[in-house]
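Below, each chain spelled out in residue letters.
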Amino acid sequence: MVDLSSKRALVTGGASGLGKAMSEAFAAAGAHVIVADVDAESAEAVAGDIGGEAWTVNLADTSALDGVDLDVDILVNNAGIQRIHPITEFPLDEWRLINTLMLEAPFVLTKAALPRMYEKGWGRVINLSSIHGLRASANKSAYVAAKHGLMGLTKTTALEAGPQGVTCNAINPGYVLTPLVKGQITDQAKTNGISEDEVLEQVFLGHSAVPKLAEPEDIAQLALFLASDAAAVINGSAHSIDGGWSAA
């Protein structure tokens, strides 16, 4: 069992999906969890359920965040969005939004959290990258670029922070069976006139050697391990949960 009873954890995008699962897992291990999300109502609800606190924040406004002082032991950069367009049709404002939220915000929060971690001689930065931090897909140029950039930030943070007792690692999920993905399966089944099982097999499991999507709890358990003392020398690494997608 992982014991985080003396730790403070900040999870961005913590009010839903993977963020909610990780917030719950850290709280169950004893951590005081700060649920950071742009959705105030949902953040308050999750924080109330786990005995943590909510931080309503627009992570796309990085200028307002620069210089903030974060007193946390564990930082999980998870918040993200998706926009899909061919490069020739990709709106610049959407490109900038994705890269600001998913690359610049993790940099700003990491910059804010490291000084306190250095003072304590202990810390964990966990970046939620993606299979798209290792592989590309057509029509997802902004997302792929942001996740590849996040992998670079992960490695650089690991090199700088490691001597101070702070590790930084990335988790790279493939498709995860979140409410969002469940909705996409239903929508694609209706659009293409096929069953949800066919959509799951042909689209969402098309690259996977394992005929099953990961659950949010699977990612949460890996994050919990990376936050533990047992992971003290795991640093600068990428941990794929993709059923073998990245093995191809």
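Fair warning: this is a prediction, and the values are worked out from it, not measured in the lab.

Student: Sorry, what's going on with the side chain of Asp37 here?
Tutor: Summarising the element assignment, Asp37 is placed in strand 2 (residues 32-37). Side-chain polar atoms of Asp37 contact the backbone nitrogen of Ala15, separated by 3.2 Å. Discounting residues that sit within four places of it in the chain, Asp37 has contacts with Gly13, Gly14, Ala15, Ser16, Ala43, Trp55, Thr56 and Val57.

Student: Just to check I follow, could you spell out the pattern of salt bridges for this structure?
Tutor: Close approach of charged atoms allows side chains with opposite charge to pair. Summed over all chains, the structure comprises six salt bridges. Between Arg116 and Asp71 there is a salt bridge; the shortest N-O distance is 3.2 Å. Taken together, the residues Arg116 in helix 4 (residues 92-120) and Asp71 in the loop between helix 3 (62-65) and strand 4 (74-77) connect sequence positions 45 residues apart. Between Asp71 and Lys120 there is a salt bridge; the shortest N-O distance is 3.0 Å. Here Asp71, found in the loop between helix 3 and strand 4, pairs with Lys120, found in helix 4; they are 49 residues apart in sequence, far enough to count as distant. For Asp71, a relative accessible area of 28% translates into the label partly exposed. Its relative accessible area of 41% is what places Lys120 among the partly exposed residues.

Student: Any chance you could explain the domain arrangement of the chain here in plain terms?
Tutor: What the domain assignment reports for the chain is domain 1 (8-175 + 215-241) and domain 2 (177-213). For domain 1 versus domain 2, the separation of C-alpha centres amounts to 26 Å. Taken together, the contact pairs six residues of domain 1 with six residues of domain 2. When the two sides are added together, the surface that domain 1 and domain 2 hide from each other amounts to roughly 570 Å², 64% of it contributed by carbon and sulfur. Interface area lost by domain 1 to domain 2 is led by Tyr175, Glu215 and Pro216, which between them contribute 85%. Along the contact surface separating domain 1 from domain 2 lie zero salt bridges. Going through the elements one at a time, helix 1 (17-28) and helix 8 (216-226) are the ones with two or more residues in the side of domain 1 that touches domain 2. Classifying every residue of the side of domain 1 that touches domain 2 by side-chain character gives three nonpolar, one polar and two charged.

Analysis parameters
- Residues numbered from 1 in each chain as written.
- Predicted model: local features only at pLDDT ≥ 70, side-chain atom pairs only at ≥ 80, totals over all residues.
- Heavy atoms only, no water.
- Helix = DSSP H or I, 4+ residues; strand = E, 2+ residues; numbered from the N terminus.
- Polar contact = N/O pair within 3.5 Å; in protein donor to acceptor, adjacent residues only side chain to side chain.
- Contact = heavy atoms within 4.5 Å.
- Salt bridge = Lys/Arg side-chain N within 4 Å of Asp/Glu carboxyl O.
- Buried < 20%, exposed > 50% of the residue type's maximum accessible area, 1.4 Å probe, protein only.
- Domains from an automatic or database assignment.
- Buried area = accessible area lost by both parts, 1.4 Å probe.
- Nonpolar A, V, L, I, M, F, W, Y, C, P; charged D, E, K, R; others polar.

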